[in-house]
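Per-entry structural report
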Amino acid sequence: MLVEVEIKYLKPHPSNYRKHPPEQVEKIERSIKTFGIVKNIVISEDYYILAGHGVVEACRNIGIEKVKAYVIPYPHTSPVAKAFLVADNEIQKMGIDDTSLLVELLSSIKQEDENAFYTTGYDDVLLELLRRQTWDRYWDKEGEELEGFEELGESIKKYRIIFSFYSREKQASFLREIEPLAKKYGLRRFINDSISNTTINFAEEENE
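About the thresholds
Residues numbered from 1 in each chain as written. Predicted model: local features only at pLDDT ≥ 70, side-chain atom pairs only at ≥ 80, totals over all residues. Heavy atoms only, no water. Phe/Tyr/Trp six-rings, centres within 6.5 Å; stacked < 30°, edge-to-face > 60°. Buried < 20%, exposed > 50% of the residue type's maximum accessible area, 1.4 Å probe, protein only. Lys NZ or Arg CZ within 6 Å of the ring centre and 35° of its normal. Helix = DSSP H or I, 4+ residues; strand = E, 2+ residues; numbered from the N terminus. Pairing = 2+ DSSP bridges. Salt bridge = Lys/Arg side-chain N within 4 Å of Asp/Glu carboxyl O. Expected span 1.5 Å × (residues − 1). Arc of directions from axis to C-beta. Contact = heavy atoms within 4.5 Å. Axes fitted to C-alpha atoms, helices over the stretch in contact; angles between N-to-C directions.

This brings us to the packing of aromatic side chains. What characterises a pair of aromatic rings is the spacing of the ring centres plus the angle enclosed by the ring planes. Applying the stated rule across the entire model yields one aromatic pair. When the centroid spacing of 5.0 Å and the interplanar angle of 65 degrees are considered together, the rings of Phe117 and Tyr118 count as edge-to-face. Looking at Tyr118, the relative accessible area reads 25%, which means it is partly exposed. Lying over the aromatic face of Phe117, Lys110 brings its terminal NZ or CZ to 6.0 Å of the ring centre.

In structure tokens, the structure reads:
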């Protein structure tokens, strides 16, 4: 059931494990100002948020007082409500992006309308980092383009960077080449093999 509800009555679910850092909320605010609220907000019958925590926080920040939300007819403590909370966070992770197509799409948006580009959640540095994630498809010899990372300098430390690989061999090759740079900028790597592709997450040691 879709209802209109006042923001002040909506409560974060106490078991919500997905955190929304200020940088992300700021980007959600920009998106809402440009496109309106396009992501569904889902709540339990006792007004706990099950989906859309970041959207609700962004709405509060920019002074929106009422939103439309879908109500699941269960209290927030029920297994059904908790399962929806998890499903909303986890099912979307199962998709796999075609990074090269995303780079082409973002590049075309930036070329045609820079203001629209900055509402996507990307900026120039993140787009460049994303472009470099496609290396594993195009390498002719090991590490031939890795010197390009030096152009990013200290700005690389501002972001959590995820690299996806289609084979363990290319992952291992990349790790060997990137290790000196990771040490130089004090980055840690976190390898996740629990999903269909392998990701490497670089972030500042002090932030983890």
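Don't stop here, the text continues.
Bringing unusual backbone geometry into the picture now. Its identity is not glycine, yet Tyr47 carries a phi of approximately 70 degrees, on the positive side. Its place among the elements puts Tyr47 in the loop between strand 3 (42-44) and strand 4 (48-51). In this structure Tyr47 comes out as partly exposed when scored by relative accessible area, which is 34%.

Another aspect to go through is the pairing of strand 4. Pairing analysis gives two bridges linking strand 2 (residues 11-12) to strand 4, with the strands arranged parallel. The residue of strand 4 that forms the bridge with Lys11 is Tyr48. In terms of strand pairing, strand 3 meets strand 4 through two bridges, oriented antiparallel. Residue pairing across strands places Ile43 opposite Ile49, the latter belonging to strand 4. What sits between strand 3 and strand 4 in their antiparallel hairpin is a turn of three residues, with Tyr47 showing a positive phi close to 70 degrees.

A few words now on the environment of Val86. Among the structural elements, Val86 can be located in helix 3 (residues 79-90). When the C-alpha atoms of Val86 and Arg18 are compared, they prove to be 9.3 Å apart, with 68 residues separating the residues in sequence.

Now for the pattern of salt bridges. This structure, assessed with the given rule, holds three salt bridges. Lys110 serves as the salt-bridge partner of Glu114, at 3.4 Å between the closest nitrogen and oxygen. Overall, the relative accessible area of 42% leaves Glu114 in the partly exposed class. On the basis of relative accessible area, Lys110 is assigned to the partly exposed category, the value being 23%.

Right, let's get into helix 4 (residues 99-112). Taking 1.5 Å of rise per residue, 14 residues should cover 20 Å, and helix 4 covers 20 Å from first to last C-alpha, within 8% of that figure. Looking at helix 4, one finds that the buried residues are Thr99, Ser100, Val103 and Leu106. Along the long axis of helix 4, the arc covered by the buried residues comes to 130 degrees, so they all point the same way. Opposite the packed face of helix 4, turned more than 90 degrees from it, sit the exposed residues Glu104 and Glu112.

What follows concerns helix 3. With 12 residues, helix 3 should cover 16 Å at 1.5 Å per step; its first-to-last C-alpha distance of 16 Å lies within 8% of that length. All buried positions along helix 3 are accounted for by Ala81, Leu85 and Asn89. All buried residues of helix 3 lie within an arc of 70 degrees about the axis, which places them on one face of the element. On the buried face of helix 3, the contacting elements are strand 4 and helix 2 (53-61).

All right, on to the sheet that holds strand 4 then. Read across the sheet, five strands follow the order 1-5-3-4-2 without closing on themselves; strand pairing throughout is mixed. Of all strands in the sheet, those with a lone pairing partner are strand 1 (2-6) and strand 2, marking the two edges. Sheet topology places strand 3 next to strand 5 (residues 66-72); three bridges connect them, and they run parallel. Bridging from a neighbouring strand, Ile43 pairs with Val71 of strand 5. Sitting on the sheet, helix 2 is in contact with strand 2, strand 4 and strand 5, with an inclination near 125 degrees to strand 4. Helix-sheet contacts for helix 3 involve strand 3, strand 4 and strand 5, and the interaxial angle to strand 4 is about 45 degrees.

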